[in-house]
Amino acid sequence: MEFNFKTPRLSGSDSTLTRILTADPDPNVRGLLNLAFRLEGWHAIPADDGATALAHMRAQRPELVVTELAMPDIDGLVLLGRMRSEFPDTPVLVLAGEDGARRRIGCLAVGADDYVAKPFNLEEVMLRLKGIRRRSAEAPGLPPPRLVVGDLELDEETREVNRRGVTVDLTDTEFRLLRYLMRNPRRVLSKNQILHQVWSYDFRGRSSIVELYISYLRRKIGNGDAPMIHTVRGVGYVLKPN
């Protein structure tokens, strides 16, 4: 497959766009797009199949998604439908080798924000992504991103946390840890998963850092009520409403 590969830094870079998911089974396509995104100052999140793409969306909440339709594990339109169902406000640009009118209409009907056929012009893809992001940012009436689990609330925009209306003051690391737990309520998360997602690298056995910060969070969000963060012995931790 051939691509028109130009990587000039486009004018008017949107520095607020930090996370973009690239879901494509072809490593050459992922590498090409991720290189262009890094040159633009964006953070690329690669995925080589549909299940991985959905997992990354749940864990990292990208601000934009670029996805191929021909996935090895999930039909492309089914995958797009799941993305739309779980993340209705996340813009999605579809890449596909079939440039028929029926395929394009199907993608847009399921909820894609735009569609580009392969082989694609890289500069066109970048311009379309910028346009999608700009329209999304200008959409009126969108509420700030807020996570709610039981009586615990976290505002990702203002970084405010409260339980039953009582403000909880957290350090940056405590906030990132709680945000990850609240993005995955009722899901048991291993210490390695938490290390990777919150600290972004491997502490190589120093899982005690997770235990320490879990204990900090338990004290701060306890508020005299039953605990919300539970230990699953030998596995990890889970956040559940009371």
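Everything below is about the structure shown above.
Here the structure is a predicted model, which is why all the values come from computation and not from measurement.

> Which parts of the structure should I look at to understand the overall build of the protein chain?
Each helix and strand in the protein chain was counted, giving eight helices and twelve strands. Pairs at least 24 apart in sequence give 60% of the contacts found in the protein chain among residues at least 6 apart. Within the structure as shown, the protein chain displays about 12400 Å² of accessible surface, and the carbon and sulfur contribution to it stands at 49%.

> So what exactly am I meant to see when it comes to the environment of T171 here?
Mapped onto the secondary structure, T171 falls in the loop between β9 (166-167) and α6 (172-183). On the accessibility criterion, T171 (39% relative accessible area) is partly exposed. Each residue touching T171, except ones within four places of it in the same chain, is listed here: Y213 and K220.

> Is there a simple way to think about the pattern of salt bridges in this case?
Working definition: two side chains of opposite charge can pair if their charged atoms are close together. Tallied over the full model, the rule gives 16 salt bridges. Across the salt bridge formed by K220 and E174, the nearest N and O atoms sit 2.8 Å from each other. Here K220 is found in helix α8 (residues 208-222), whereas its partner E174 is found in helix α6, with 46 residues between them in sequence. With relative accessibility at 35%, the residue K220 sits in the partly exposed group. For E174, a relative accessible area of 4% gives the class buried. The structure contains a network of salt bridges with shared partners spanning D24, E68 and K118.

> Is there a simple way to explain the sheet that holds strand β4 (residues 92-96) in this structure?
One key point about sheets: their strands pair by backbone hydrogen bonds, in either a parallel or an antiparallel sense. Overall, parallel pairing links the five strands, which are arranged β2-β1-β3-β4-β5 in an open sheet. On the outer flanks of this sheet lie β2 (43-47) and β5 (114-117), each paired with one strand and no other. Taken over all neighbouring pairs, the strand axes of this sheet differ in orientation by 20 degrees on average, direction set aside. The pairing of strand β1 (residues 19-23) with strand β3 (residues 64-68) spans four bridges and is parallel. Note on β3: the bridge partner recorded for I20 is L64.

> Looking at this model, I keep getting lost on the pairing of strand β6 (residues 146-149). Mind explaining?
Two faces, one strand: in a regular strand the side chains alternate between the faces of the sheet. Burial along β6 is one-sided: the face carrying L147 and V149 is buried and the face carrying R146 and V148 is not. Bridging between β6 and strand β7 (residues 152-155) involves four bridges; their strand directions are antiparallel. The residue of β7 that forms the bridge with V149 is L152. Between β6 and the antiparallel strand that follows it, β7, lie two residues; G150 among them carries a positive phi value of about 60 degrees.

> It is not clear to me how unusual backbone geometry should be interpreted in this structure. Could you clarify?
Generally, phi is negative for residues other than glycine and the peptide bonds are trans, each holding for most cases. The linkage connecting K118 with the following residue, P119, adopts the cis geometry, with an omega of -5 degrees. When you line up the elements, P119 lands in the loop between β5 and α5 (122-138). Not every positive phi belongs to a glycine, and R159 is a case in point at roughly 65 degrees. Of note, R159 is situated in the loop between β7 and β8 (160-163). A relative accessible area of 38% means that R159 is categorised as partly exposed. Of note in the backbone geometry, R186 takes a positive phi value of approximately 65 degrees without being a glycine. In this structure, R186 sits in the loop between α6 and β10 (189-190). Judged by its relative accessible area of 59%, R186 falls in the exposed class.

Parameters at a glance
- Position numbers for residues start from 1 in each chain and track the written sequence from start to end.
- It should be noted that, the model being predicted, local features are given only for residues of pLDDT at least 70 and side-chain atom pairs only at 80 or more, the latter also being counted only at that level, while totals for whole chains, interfaces and linings use all residues.
- Excluding hydrogens and water, the side-chain values take into account all heavy atoms of the structure.
- Counting from the N terminus, the helices are the DSSP runs of H or I reaching at least four residues and the strands are the DSSP runs of E reaching at least two.
- Should any heavy atoms of two residues lie within 4.5 Å, those residues are counted as being in contact.
- What sets the accessible areas is the Shrake-Rupley method with a 1.4 Å probe; for residues, cover comes only from the shown protein chains.
- Buried means the residue's accessible area, taken with a 1.4 Å probe over protein chains only, is under 20% of the maximum for its type, while exposed means over 50%, and partly exposed covers the values in between.
- A side-chain nitrogen of Lys or Arg and a carboxyl oxygen of Asp or Glu constitute a salt bridge if their distance falls within 4 Å.
- The pairing criterion for strands is at least two bridges between them, as found by DSSP.
- Note on geometry: axes are lines fitted to C-alpha atoms, helical ones only across the stretch in contact, with angles between N-to-C directions running from 0 to 180 degrees.

Taken by themselves, the reported measurements are silent on function.
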